[in-house]
Amino acid sequence: MDLSFVRPEFPALAQTDAQGRPYVYLDGPGGTQVHQSVIDAMARYLVHANANSHGAFLTSRRTDETVAAARAAMADLFNAPSTDEIVFGANMTTLTFHISRTIGTLLQPGDEVVTTLLDHNANVAPWLRLAEQGVLVRQVRFHPEDCTIDMDEMRGAINPRTRVVAVGYASNGVGTINDVAQVTRWAHEAGAWSYVDAVHYAPHGPIDVQAIGCDFLVCSAYKFFGPHEGVLWGRKEILEQLRPDKVRPASDTVPHRFETGTQNHEAIAGTLAAVEYLASLGRRAGEAFKHEYPHLMGRRLELKAAMAAIRAYERALVWPMIAGLQAIPGLKVWGIIDPARAAWRAPTVSFTLQGQHPAEIARRLGDEGIFVWDGNYYALTLMEELGLEAHGGMVRVGLAHYNTAEEVQRLVAAVRRVREA
Ligand SMILES: Cc1ncc(COP(=O)(O)O)c(C=O)c1O
């Protein structure tokens, strides 16, 4: 499968250095590049629809229509039962603090919340905050050898006092995909809600909140080719029980009661365009995957097919990349490295190289026009547990569907040069 036909649709990918060499964007886990249709939709919104919501005039009506259409698009992306279950907000972190604080009003001292040491801190700190009111927050460990969650410990941590289990769909630190459906089943057996952080997973595979069975799922459009906008899905019966902070004149209906203040309408317009871009990818490249989703139709089917096509394409790139990196003496790839377990790995590859500081490696690659992250990228407890926090963390190389085999080769050759210098 070849998705390189999409590259001209991402204008940033045409940028070159002074020698005319195209930049290599492997920083997608920190934020992907943006599709042209997203840029156009944001500009169009600001010219033709820029207004506050719920007014009696044209541009305000257009704003309301844009937000409603974006909710429907996100409901389709997640296969959510209702568009009323989609909440927009600044970003995943802000939405998660908002929800954890709101759930916190229902909790008693001695109630418990479970999260993991593999998670991004945005799915840890908001829950740890509840410890200040006497909630016990358990942080489940992971196996250091392959950076997978210790599922026995997870099973044991969830008990009748558990109220929320907060878990990442995929690790932004090392790419591990977690069995969030299993964790959700355990949470429900105990009478707890499950809160899934899908920020890292969203650009890499299909999401179906009904198949997972979870109660909340949250992500950020800037990780899936859109603008900086957070999106939360919450089960309607639960959203209706929650009483978030809000100002008196604002609507108390769901989902509006969760959307504090004036929203970032242009980013919501861009989020809608990002989902529509993915649906178009489903029409153009997803035909071979549609049979996997016999229960879906229309845009929901196109979106699943697109994400399945992206997953297949990225898998074909990532395993040669892992092999190429591992062949470099002194280089260690963290996380799952067995291709037989490909189903449990996102195409995000983090490594350390003996004798070289991650920041220095990232700087040297950056000098060659290859953009990668270094450090902990807020997967703080992951780095602490592995003893890497004091040594600059890891170097993270993140593939997206607009990356190519040629770029992977350029990266591996450049890392080899760093090693040999
Ligand atoms: C796995 C994961 N969760 C949460 C976040 C935080 O997302 P946001 O920047 O939207 O607050 C990130 C950001 O990198 C992430 O990778």
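Reading the values: rules and limits
Residues numbered from 1 in each chain as written. Predicted model: local features only at pLDDT ≥ 70, side-chain atom pairs only at ≥ 80, totals over all residues. Helix = DSSP H or I, 4+ residues; strand = E, 2+ residues; numbered from the N terminus. Rg over C-alpha atoms; globule rule 2.2 N^0.38 Å. Buried ≥ 20, exposed ≤ 12 C-beta atoms within 10 Å, placed from the backbone. Contact = placed C-beta atoms within 7 Å. Core = buried A, V, L, I, M, F, W, Y, C linked by C-beta atoms within 7 Å. Domains from an automatic or database assignment. Axes fitted to C-alpha atoms, helices over the stretch in contact; angles between N-to-C directions. Left-handed = near helix turned anticlockwise from the far one by under 90°. Nonpolar A, V, L, I, M, F, W, Y, C, P; charged D, E, K, R; others polar. Parallel < 35°, antiparallel > 145°, perpendicular 65-115°, else oblique. Expected span 1.5 Å × (residues − 1). Arc of directions from axis to C-beta. Pairing = 2+ DSSP bridges.

1. With respect to the overall build of the chain
Alright, step 1. The secondary structure content of the chain amounts to 13 helices and 15 strands.
Alright, step 2. Taken over the C-alpha trace, the chain has a radius of gyration of 21 Å; the compact-globule value for 421 residues is 22 Å, and the two agree within 12%.
Alright, step 3. Principal-axis analysis of the C-alpha atoms gives the chain an extent of 65 × 50 × 40 Å.
Alright, step 4. The buried share among the 421 residues of the chain stands at 50%.
Alright, step 5. Long-range contacts, defined here as pairs at least 24 residues apart, represent 68% of the contacts in the chain between residues at least 6 apart.

2. Some points on the nonpolar core
Side chains of nonpolar character tend, in soluble globular proteins, to be buried together.
Alright, step 1. Core analysis: the largest hydrophobic core is formed by 131 residues, its most contacted members being V196, A198, F216 and L217.
Alright, step 2. When we break this core down by domain, the ones giving at least three residues each are domain 1 (4-35 + 312-420) and domain 2 (39-276).
Alright, step 3. Other than its neighbours up to four places away in sequence, A198 contacts Y169, I207, L217, V218 and C219.

3. What about the packing of helix α1 (residues 36-48) against helix α9 (residues 265-285)?
Alright, step 1. Between α1 and α9, the least distance of the axes is 8 Å, while the angle of their chain directions is 145°. Judged by the sense of rotation from one axis to the other, the crossing of α1 with α9 is right-handed. On α9, the residues that touch S37, V38, A41, M42, Y45 and L46 of α1 are H265, E266, A269, G270, L272, A273, A274, E276 and Y277.
Alright, step 2. Here the residues of the contact of α1 with α9 sort into 10 nonpolar, three polar and two charged.

4. Describing the domain arrangement of the chain
Note on interface size: it is often stated as the accessible area lost on association of the parts.
Alright, step 1. Here the domain parsing of the chain yields domain 1 (4-35 + 312-420) and domain 2 (39-276).
Alright, step 2. Just the C-alpha atoms count here: the centres of domain 1 and domain 2 sit 27 Å apart.
Alright, step 3. Counting residues at the interface gives 26 residues for domain 1, matched by 29 residues for domain 2.
Alright, step 4. Of all the elements in the fold, those that place two or more residues in the side of domain 1 that touches domain 2 are β12 (348-353) and α12 (380-385).
Alright, step 5. Per-element tally for the side of domain 1 that touches domain 2: the top contributor is α12, with four residues.
Alright, step 6. Residues belonging to the side of domain 1 that touches domain 2 are distributed by class as follows: 15 nonpolar, eight polar and three charged.

5. Here's the deal with the packing of helix α2 (residues 58-78) against α9
Alright, step 1. Packing of α2 against α9 leaves a shortest axis separation of 9 Å and a crossing angle of 40°. The angle between the axes of α2 and α9 places the two elements in the oblique class. Crossing of α2 over α9 shows left-handed handedness. In this structure, α2 uses T63, T66, V67, A69, A70, A73, M74, D76 and L77 to contact α9, whose residues at the interface are H265, I268, A269, T271, L272, V275 and E276.
Alright, step 2. In terms of residue class, the contact of α2 with α9 is built from 10 nonpolar, four polar and two charged.

6. Regarding α1
Alright, step 1. If you check α1, its first and last C-alpha atoms are 18 Å apart, about what 13 residues at 1.5 Å a residue would give, namely 18 Å.
Alright, step 2. Among the residues making up α1, those that are buried are V38, A41, M42 and Y45. Mapping the buried residues of α1 onto a view down its axis gives an arc of 95°, with all of them on the same face. For α1, the exposed residues set more than 90 degrees away from the buried face come down to V47 and H48.

7. A word on α2
Alright, step 1. For α2, built from 21 residues, the straight-helix expectation of 30 Å at 1.5 Å per residue is met to within 8% by its first-to-last C-alpha distance of 30 Å.
Alright, step 2. Along α2, the positions that sit buried rather than exposed are T63, T66, V67, A70, R71, A73, M74, A75, D76, L77 and F78.
Alright, step 3. Of the residues flanking the end of α2, it is N79, one or two places downstream, whose phi is positive at about 55°.

8. So, the sheet that holds strand β7 (residues 162-168)
Alright, step 1. One open sheet accounts for seven strands, arranged β2-β10-β9-β8-β7-β3-β4; its pairing is mixed. The open sheet is flanked by β2 (86-89) and β4 (136-140), the only strands paired with a single partner. Recorded for the sheet is a direction-independent mean angle of 20° between the axes of neighbouring strands.
Alright, step 2. In this sheet, strand β10 (residues 230-234) lies alongside strand β9 (residues 216-220) in antiparallel orientation, the contact comprising five bridges. Bridged to V218 within β10 is L232.
Alright, step 3. Its contacts with the sheet place α2 against β2, β9 and β10, and it is angled at close to 115° to β2.

9. A short note on the sheet that holds strand β14 (residues 373-375)
Alright, step 1. Across the sheet, four strands lie side by side as β11-β12-β15-β14; this open sheet has antiparallel pairing. Strands at the two margins of the open sheet, each flanked by one partner only, are β11 (331-333) and β14. Here the strands of the sheet are splayed against their neighbours by 30° on average, with no regard to which way each runs.
Alright, step 2. For β12 and strand β15 (residues 394-398), the ladder comprises four bridges, and the chain directions are antiparallel. Counterpart to F351 in the pairing with β15 is V395.

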